[in-house]
Amino acid sequence: MTAAVRLESLRKVFPDGTVGLDDVSLEVPAGQFVAILGRSGAGKSTLLRCASRLVEPTSGRSFIGDLEVTGARGRGLARARARAGFVFQQFNLIRSYTCLENVLVARISHNGWLRGLIGLWTPRDHEIARRCLDEVGLSAKIDTPVRSLSGGQQQRVAVARAFAQEPTALFADEPTASLDPNLASTVLSMLKDYGSSRGVPVLVNVHTIEHARRYADRIIGLSAGRLVHDGPASELSDEAVEAIYAAPQSRPPEDH
Amino acid sequence: MILRRILLAALLTAALPRVARAQETLPSEIVLGFNPAENAQTLQRSADELARDLSDRIHIPVRATVTLDYTTLVESMRSGHVHFGWLTPSPLVLAERLFGVRVLLTQVRRGQPTYYSALVVREDSRFHSLEDLQGGSIAWIDPTSTSGYVIPRYLLLQRGFNPSTFFTRQVFAGQHDAAVIAVQRGQVDAAAVWADPPSERTGAWTRYLANRPGPRLRPLMYSPPVPSDAIATTETFAREHPLLVRSVSSSLVAIGQSEEGRAILRRLNSTDGFVPSDIRQYDLVRQAFRATRDEQSRARSGRFEDPRSMRIFGLLLLGAALLGAGALSRRPRAQRWSAFGLFALALVWAAVAARIPMADFIKGWRDIGQFLRGMFPPDWRVVAEVMEATVLTVRLALVGTVAGIPLALLLGLLSAENVTPSGLIRRASRFACNLNRSIDLLIIGLILVSAYGPGAFPGVGALAIHTVGSLGKQFYETLETMDPGPVEAMRSLGATRLQVLRWGIWPQFTPHFVSQALFRFELNVRGAVVLGLVGAQGIGFLLQTYMRGAEYGKVTVVIAAVVILVMALDAVSSRLRRNTA
Ligand SMILES: Nc1ncnc2c1ncn2[C@@H]1O[C@H](COP(=O)(O)OP(=O)(O)OP(=O)(O)O)[C@@H](O)[C@H]1O
Ligand SMILES: [Mg+2]
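Residues numbered from 1 in each chain as written. Chains lettered and ligands numbered in written order. Predicted model: local features only at pLDDT ≥ 70, side-chain atom pairs only at ≥ 80, totals over all residues. Heavy atoms only, no water.

Enquirer: Got a minute to help me understand the overall build of chain A in this structure?
Expert: For chain A, the helix and strand inventory stands at 9 helices and 10 strands. Residues classed as buried in chain A amount to 53% of the 256 residues present. Just so you have it, chain A exposes about 11,200 Å², and 49% of that area is on carbon and sulfur atoms. (Helix = DSSP H or I, 4+ residues; strand = E, 2+ residues; numbered from the N terminus. Buried < 20%, exposed > 50% of the residue type's maximum accessible area, 1.4 Å probe, protein only. Areas by Shrake-Rupley, 256 points an atom, 1.4 Å probe, with all protein chains shown as cover.)

As structure tokens, this is what we get:
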């Protein structure tokens, strides 16, 4: 079985010389829930963004399903990106639009270009959008503008949007950082249920180890852009956690 | 006979200084005022020569001054800065109405103390009688022009036509050459200009088009003979200085009869000399002046009494008052109101100051006082006319703004870093915005007025062009402050560049877009008012017309309208903006 997400030696050096990601390789099978841990600045966001090419990796390759995301151009790139659903810490919703409209735009890659441009969604799109909003428990808020929702509700709309995209892989970059612990659990379990029920791999950046232990099948650790830990969630030892969160040792010179 | 006159004149002038000093307190110098003409420089030189010649004859220092326009000359006579004025007929009649004048002499040209006014059309046009012109367009010169406005309008009235409805479009060309050129280019069907005697079939259209290729013009209708320019003084001055006035009068006649004197006069508007005259010679002009003025006022007041326009005006006033009252309740709003008051004052000041030579600035304050006194009571008869012009101004601003928005939006999008990835395109389009912005609205207006002639189009065009640059810049600056979050979300959903723009940026931008476009419209209304001063149609043009005609009571109405308009707009647009935000 081919892995649903496969990263090969992904590397990202920012224009200012910062190494965001240093030679990371990773394979995630379908339906697996992966939590990514790391200090602030370890490269967690960069990893997810490079994998879906919201940020251009400097080198390396990224596959979602059998499609290579790196190397795609133009429309192909848009199509490749459409395979990865993305949930952002700041929700990134269209605040003046209703919940339904926000979820409908997720159907953009399933429609022709012009339909997507002018928002001429099909009845099927509407059906899917409503179902996804129902799945996150927001059927009652369908026609409410997003800006008048609470933070937790907004993040659920964002989750519904990612679902409605019908992605091959699901990435979430600290989806719980601006939510209280109860809501955080709700959102994480929604992501997990979605992944396991549809066989979609889910990669989530979290900063609470407790959550990682509770929901993840597998935990990976990043430090200074490098993969420093990879193992089943049940086997995550306190020492491993300490290692992941330890201050990175000054890196050896490149040409040793 | 000539000899006798010269002798008389010489006797008088010789006797004057002693006699005069015995009975009259003579001014330390006397000032001759001249209307501006095509070339102010050479006019000033010739006027100085005439003043010197006159001074030699009457033994009192004489100074010549060339004013910026008719109204300044008339006002300078009223305030006593100018003692003797060389006046064309309409300003003469205006002066008579304002403060009473004594006409001394009439100018002789081509052997006659008269000239003519003619309506001219293109040689190849279908207009062969006055009736043919019905429904057409005409270029007048300006509202104080005798041959280019007052007389021909009077003739139309006498034939039973109301000029305001007879023509579908009327413009003021400002100068006779501009008027005939407008006809030659086909911008208007006809023009009213000065003419030589009808038998010669020459006039402004042969003089100014002599060296211009293109279609010829022909006269369609001639006026009766119109008296030429007058040398006049104020009634007061004539009463206080009878001998001096008589002496100046006879000296000027004598100058026209001397060899060198004649040479000087030739350079002053081709004058051959002067003949003694009085105000009765100008009866035709007086009637015409009265008729055209009254015709306007009657037409306006008649319309104003129409119950519907009364009601509309009442509603407008009420609406403005309500909106204004609502707006007043907030503190920063009150500050803005005072800014509008200042704006209105600045407009008055600008209009007045523009007519006063800087050297006379201090003295001019007295004239401003006079102007302010003249503003009351307001002449409410023009309310309908002012309302019409106000509506036209708003329409110009609206069309100009709407016409400019698409290009402004395009430039805004092409300049914004988060929309257009190509740095080269961004820089080029920013450059276009800034280049456009660096040319002032008024300058664009002036250029367009000189290219297309006065009218509505240059106003709309100038506003549209100005809108592109200023709004374009505002747009891209705002676009770049848009939250990148939704953009990133749309990219992750697989949206193409245009789709990202549509869903990631546009919804965020809409309220800014609406409020900035509204605000630009508000600014453009004010711009349209000012554009009226350079010849675009609308309320500013009306303001200028009234100012030139020294109809200060009407000016009050215009200013009131501008103030109400601007305040109402502010109230409406700030409410709309609050709703979209
Ligand atoms: N656009 C950028 N330009 C330059 N450096 C960047 C850029 N984006 C991220 N970095 C740097 O790359 C490194 C990894 O950043 P990243 O955002 O992936 O960290 P993170 O693990 O997500 O941290 P956090 O938990 O704070 O979100 C950091 O040192 C960061 O400063
Ligand atoms: Mg991050």
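Enquirer: Looking at this structure, I do not really get helix 3 (residues 70-78) of chain B. What am I missing?
Expert: Residues spaced three or four apart along an α-helix point in a common direction, a consequence of the helix completing one turn every 3.6 residues. Residues and elements named next belong to chain B. Burial of helix 3 is extensive: 7 of the 9 residues sit out of reach of the surface. Taken residue by residue, helix 3 has Thr 71, Thr 72, Leu 73, Val 74, Glu 75, Ser 76 and Met 77 as its buried positions. Note on helix 3: the residue one or two positions beyond its end, Gly 80, has a positive phi of about 85 degrees.

Enquirer: How should the interface of chain A and chain B be read in this particular structure?
Expert: In many analyses, interface size is given as the accessible surface area lost on bringing the parts together. With 27 residues of chain A in contact, the opposing surface of chain B contributes 16 residues. Taking both partners together, chain A and chain B bury about 2,000 Å²; carbon and sulfur atoms supply 61% of that area. Of all residues in chain A, Leu54(A), Ile108(A) and Leu117(A) bury the most surface against chain B, accounting for 26% of the area lost on that side. Arg49(A) is the salt-bridge partner of Glu488(B), the closest N and O atoms lying 2.7 Å from each other. At the junction of chain A and chain B, the tally comes to 8 residue pairs in polar contact (both at pLDDT 80 or more). Mapped by element, the contributors of at least two residues to the side of chain A that touches chain B are helix 2 (74-82), strand 6 (84-87) and helix 4 (113-118) of chain A. Partitioning the side of chain A that touches chain B into residue classes produces 16 nonpolar, 7 polar and 4 charged. (Contact = heavy atoms within 4.5 Å. Buried area = accessible area lost by both parts, 1.4 Å probe. Salt bridge = Lys/Arg side-chain N within 4 Å of Asp/Glu carboxyl O. Polar contact = N/O pair within 3.5 Å; in protein donor to acceptor, adjacent residues only side chain to side chain. Nonpolar A, V, L, I, M, F, W, Y, C, P; charged D, E, K, R; others polar.)

Enquirer: What's the story with the sheet that holds strand 4 (residues 59-64) of chain A in this structure? I'm lost.
Expert: The pairing of strands in a sheet comes from backbone hydrogen bonds and takes either a parallel or an antiparallel form. All names here are of chain A. Read across the sheet, 4 strands follow the order 2-1-4-5 without closing on themselves; strand pairing throughout is antiparallel. Of all the strands in the sheet, just strand 2 (19-28) and strand 5 (67-68) have a single pairing partner and so form its edges. Of the strand pairs in this sheet, strand 4 and strand 5 are connected by 2 bridges, and their pairing is antiparallel. Bridge pairing links Ile 64 to Leu 67 in strand 5. Relative to strand 1 (residues 5-13), helix 1 (residues 44-51) is tilted by about 115 degrees, and along the sheet it contacts strand 1, strand 2 and strand 4. (Pairing = 2+ DSSP bridges. Axes fitted to C-alpha atoms, helices over the stretch in contact; angles between N-to-C directions.)

Enquirer: Which parts of the structure should I look at to understand the site of ligand 1?
Expert: Residue and element names in this part refer to chain A. Not every one of the 13 residues close to ligand 1 is listed here, only the nearest: Ser 40, Gly 41, Lys 44, Ser 45 and Thr 46. One of the backbone N or O atoms of Gly 41 is found 2.8 Å from an oxygen atom in ligand 1. For ligand 1, the accessible surface in isolation is 630 Å², of which the surrounding protein chains cover 61%. At 3 residues, the largest contribution of residues to the shell around ligand 1 is made by helix 1. (Near = heavy atom within 4 Å.)

Enquirer: Is there a simple way to think about a nonpolar patch on the surface in this case?
Expert: Together, Trp113(A), Leu114(A), Ile118(A), Leu120(A) and Leu498(B) make up a nonpolar patch on the protein surface, roughly 460 Å² of accessible area in all. Per-element tally for the nonpolar patch: the top contributor is helix 4 of chain A, with 3 residues. Within the element layout of this structure, Leu114(A) appears in helix 4. (Patch = residues over 30% accessible without salt bridge, like charges linked within 9 Å, V, L, I, M, F, W, Y side chains within 5 Å.)

Enquirer: Whenever I open this one, the packing of aromatic side chains confuses me. Can you help?
Expert: Here the distance between the centres and the angle between the planes together describe a pair of aromatic rings. Per the stated rule, a full pass over the model turns up 18 aromatic pairs over all chains. Consider the rings of Phe86(A) and Phe88(A), whose centres lie 4.8 Å apart with planes at 20 degrees: the pair is stacked. Each of the two residues, Phe86(A) as well as Phe88(A), counts as buried. For the ring pair Trp506(B) and Phe513(B), a centre distance of 5.4 Å and an interplane angle of 55 degrees mean the geometry is tilted. Here Trp506(B) falls in the partly exposed class, since its relative accessible area comes to 26%. Of the aromatic side chains, those joined through ring pairs into one cluster are Trp140(B), Tyr149(B), Phe161(B), Phe166(B) and Phe167(B). A cation sits over an aromatic face here: Arg6(A) above Phe63(A), 4.2 Å from the ring centre. Between the NZ or CZ atom of Arg502(B) and the centre of the ring of Trp503(B), over which it lies, the distance is 3.8 Å. (Phe/Tyr/Trp six-rings, centres within 6.5 Å; stacked < 30°, edge-to-face > 60°. Lys NZ or Arg CZ within 6 Å of the ring centre and 35° of its normal.)

Enquirer: Honestly, the pairing of strand 5 (residues 114-122) of chain B in this entry has me stumped. Any pointers?
Expert: Remark: a regular strand shows side chains that alternate across the two faces of the sheet. Residue and element names in this part refer to chain B. Among the 9 residues of strand 5, 7 are classified as buried, and the element is accordingly described as predominantly covered. In terms of strand pairing, strand 5 meets strand 10 (residues 226-227) through 2 bridges, oriented antiparallel. Directly across from Thr 114, in strand 10, lies its bridge partner Pro 227. The pairing of strand 5 with strand 8 (residues 190-195) spans 6 bridges and is classified as antiparallel. Bridged to Tyr 116 within strand 8 is Ala 195. When strand 5 meets strand 9 (residues 217-222), the two strands line up antiparallel, connected through 5 bridges.

Enquirer: Is there a simple way to think about the packing of helix 10 (residues 242-257) of chain B against helix 11 (residues 259-267) of chain B in this case?
Expert: Two quantities define a packed helix pair, namely the angle between the axes and the distance from one axis to the other. Residues and elements named next belong to chain B. Direction vectors running N to C along helix 10 and helix 11 enclose 95 degrees, while the axes themselves pass 5 Å from each other. Comparing the axis directions of helix 10 and helix 11 gives the class roughly perpendicular. Contact with helix 10, carried on its side by Ile 255, Gly 256 and Gln 257, involves Glu 259, Gly 261, Arg 262 and Leu 265 of helix 11 and no other residues of that element. (Parallel < 35°, antiparallel > 145°, perpendicular 65-115°, else oblique.)

Enquirer: How do you make sense of the environment of Gly136(B) when you look at a structure like this?
Expert: Residue and element names in this part refer to chain B. You can see Gly 136 is positioned in the loop between strand 5 and strand 6 (137-140). The spatial distance from the C-alpha of Gly 136 to the C-alpha of Asp 189 is 6.2 Å, given a sequence separation of 53 residues. Beyond its immediate sequence surroundings of up to four residues, Gly 136 is in contact with Phe 166, Phe 167, Thr 168, Arg 169 and Asp 189.

Enquirer: How should the environment of Arg75(A) be read in this particular structure?
Expert: Along the polypeptide, Arg75(A) turns up in helix 2. The class for Arg75(A) is partly exposed, based on a relative accessible area of 48%. Through-space distance from the C-alpha of Arg75(A) to that of Trp113(A) is 9.9 Å; in sequence the pair is 38 residues apart. Ignoring any residue separated from it by four or fewer positions in sequence, one finds Arg75(A) in contact with Trp113(A) and Thr496(B).

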